[in-house]
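Descriptive structure summary
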Amino acid sequence: HRAFAERFEEQVAIAFEDFNDLVGEVLGDGLAALSFHGADALDDVALVYQRGSFTEADTALVADVQALLALQIPFYVAGMILVRLVTALGSTRALTWISLVNTLLNVVLNVVLIRYMGLPGIALATSLMYLASFTMLLLHVRRRHAVRLL
């Protein structure tokens, strides 16, 4: 039994190392992709939508919203990977609380940021909520399961 337990612990350690690498790559690649997206967002929106009653001001607004929404991509993807890990570790109760906090945070950030930024504030609120969600998931895994990620 001892040999089996040692082998199992080794496999778990390898799995967590691979998992850590995956989350790191998703965040790194996602953040790098944002720099390419932000540079072309205005031109892309103008090419696809700007004609007729869709003005240059509309193009700028949509490009801003699109750029702010794109901020969430690496945190959303890495967060979904962490959700799988938390589920596999049997911490579904934590997911319920994190989801509740996400919902409340998104509502509060929407109300606050729309006052200061208008429509782009909703996009930024959503991206900030996904950043917070990712952070809460990461902290949960580190604290409750003694898994060192990132």
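Refer to the structure above for everything that follows.
Quick caveat, the model's predicted, so the values are computed rather than measured.

1. Focus on the nonpolar core
Ranked by size, the top nonpolar core spans 16 residues in total, and within it Phe19, Val23, Leu27, Ala78, Leu82, Phe134 and Leu137 carry the most contacts. Counting residues per element, the ones that place at least two in this core are helix 1 (2–49), helix 3 (73–88), helix 4 (92–117) and helix 5 (119–145). For this core, the element with the highest residue contribution is helix 3, accounting for six residues. Leu113, Ala123, Leu124 and Ala125 belong to the second largest nonpolar core, which has seven residues in total.

2. Focus on the environment of Ser133
The residue Ser133 is located in helix 5 in this model. Sequence spacing of Ser133 and Leu105 is 28 residues, and the spatial spacing of their C-alpha atoms is 9.6 Å. Contact partners of Ser133, with chain neighbours within four places excluded, come to Ile98 and Asn102.

3. Considerations on a negative patch on the surface
Judged by side-chain charge, Glu17, Asp18, Asp21, Glu25 and Asp29 come together as a negatively charged surface patch. When you line up the elements, Glu17 lands in helix 1. Under the relative-accessibility criterion, Glu17 is labelled exposed at 52%.

4. Section: the packing of aromatic side chains
For the structure on display, the rule yields two aromatic pairs. Summarising the aromatic geometry, the rings of Phe75 and Phe134 are spaced 6.0 Å apart at their centres and angled 55 degrees between planes, so their arrangement reads as tilted. Within this pair, whereas Phe75 is found in helix 3, its partner Phe134 is found in helix 5, the two being separated by 59 residues in sequence. On the basis of relative accessible area, Phe75 is assigned to the buried category, the value being 17%. Their ring planes at 90 degrees and their centres at 5.1 Å tell us that Tyr76 and Tyr130 sit as a pair that is edge-to-face. Of this pair, Tyr76 sits in helix 3 while Tyr130 sits in helix 5, and the two are 54 residues apart along the sequence.

5. Considering helix 2 (residues 56–70)
Helix length check: helix 2 (15 residues) gives 21 Å between terminal C-alpha atoms against 21 Å at 1.5 Å per residue, within 8%. Every buried residue belonging to helix 2 is among Thr59, Ala63, Val65, Leu68 and Ala70, and all of these are buried. Residue Thr55 occupies the N-cap position of helix 2, its side-chain oxygen lying 3.3 Å from the main-chain nitrogen of Ala57.

6. What to know about the packing of helix 3 against helix 5
Taken N-terminus to C-terminus, the directions of helix 3 and helix 5 make an angle of 30 degrees; their axes are 9 Å apart at the nearest point. By the criterion of interaxial angle, the relationship of helix 3 to helix 5 is roughly parallel. The handedness of the crossing between helix 3 and helix 5 comes out as left-handed. Along its contact with helix 3, which presents Phe75, Tyr76, Ala78, Gly79, Leu82, Val83, Leu85 and Val86, the element helix 5 presents Tyr130, Leu131, Phe134, Leu137, Leu138, His140 and Val141. Counted by class, the contact of helix 3 with helix 5 contains 13 nonpolar, two polar and no charged residues.

7. Re the environment of Gly24
Tracing the chain through its elements places Gly24 in helix 1. Judged by its relative accessible area of 30%, Gly24 falls in the partly exposed class. For the pair Gly24 and Ala78, spaced 54 residues apart in the sequence, the C-alpha separation amounts to 8.3 Å.

Here is what the cut-offs are and how they apply
- Residues numbered from 1 in each chain as written.
- Predicted model: local features only at pLDDT ≥ 70, side-chain atom pairs only at ≥ 80, totals over all residues.
- Heavy atoms only, no water.
- Core = buried A, V, L, I, M, F, W, Y, C linked by side-chain atoms within 4.5 Å.
- Buried < 20%, exposed > 50% of the residue type's maximum accessible area, 1.4 Å probe, protein only.
- Helix = DSSP H or I, 4+ residues; strand = E, 2+ residues; numbered from the N terminus.
- Contact = heavy atoms within 4.5 Å.
- Patch = residues over 30% accessible without salt bridge, like charges linked within 9 Å, V, L, I, M, F, W, Y side chains within 5 Å.
- Areas by Shrake-Rupley, 256 points an atom, 1.4 Å probe, with all protein chains shown as cover.
- Salt bridge = Lys/Arg side-chain N within 4 Å of Asp/Glu carboxyl O.
- Lys, Arg positive; Asp, Glu negative; His and termini not counted.
- Charge placed at Lys NZ, Arg CZ, Asp CG, Glu CD.
- Phe/Tyr/Trp six-rings, centres within 6.5 Å; stacked < 30°, edge-to-face > 60°.
- Expected span 1.5 Å × (residues − 1).
- Polar contact = N/O pair within 3.5 Å; in protein donor to acceptor, adjacent residues only side chain to side chain.
- Axes fitted to C-alpha atoms, helices over the stretch in contact; angles between N-to-C directions.
- Parallel < 35°, antiparallel > 145°, perpendicular 65-115°, else oblique.
- Left-handed = near helix turned anticlockwise from the far one by under 90°.
- Nonpolar A, V, L, I, M, F, W, Y, C, P; charged D, E, K, R; others polar.

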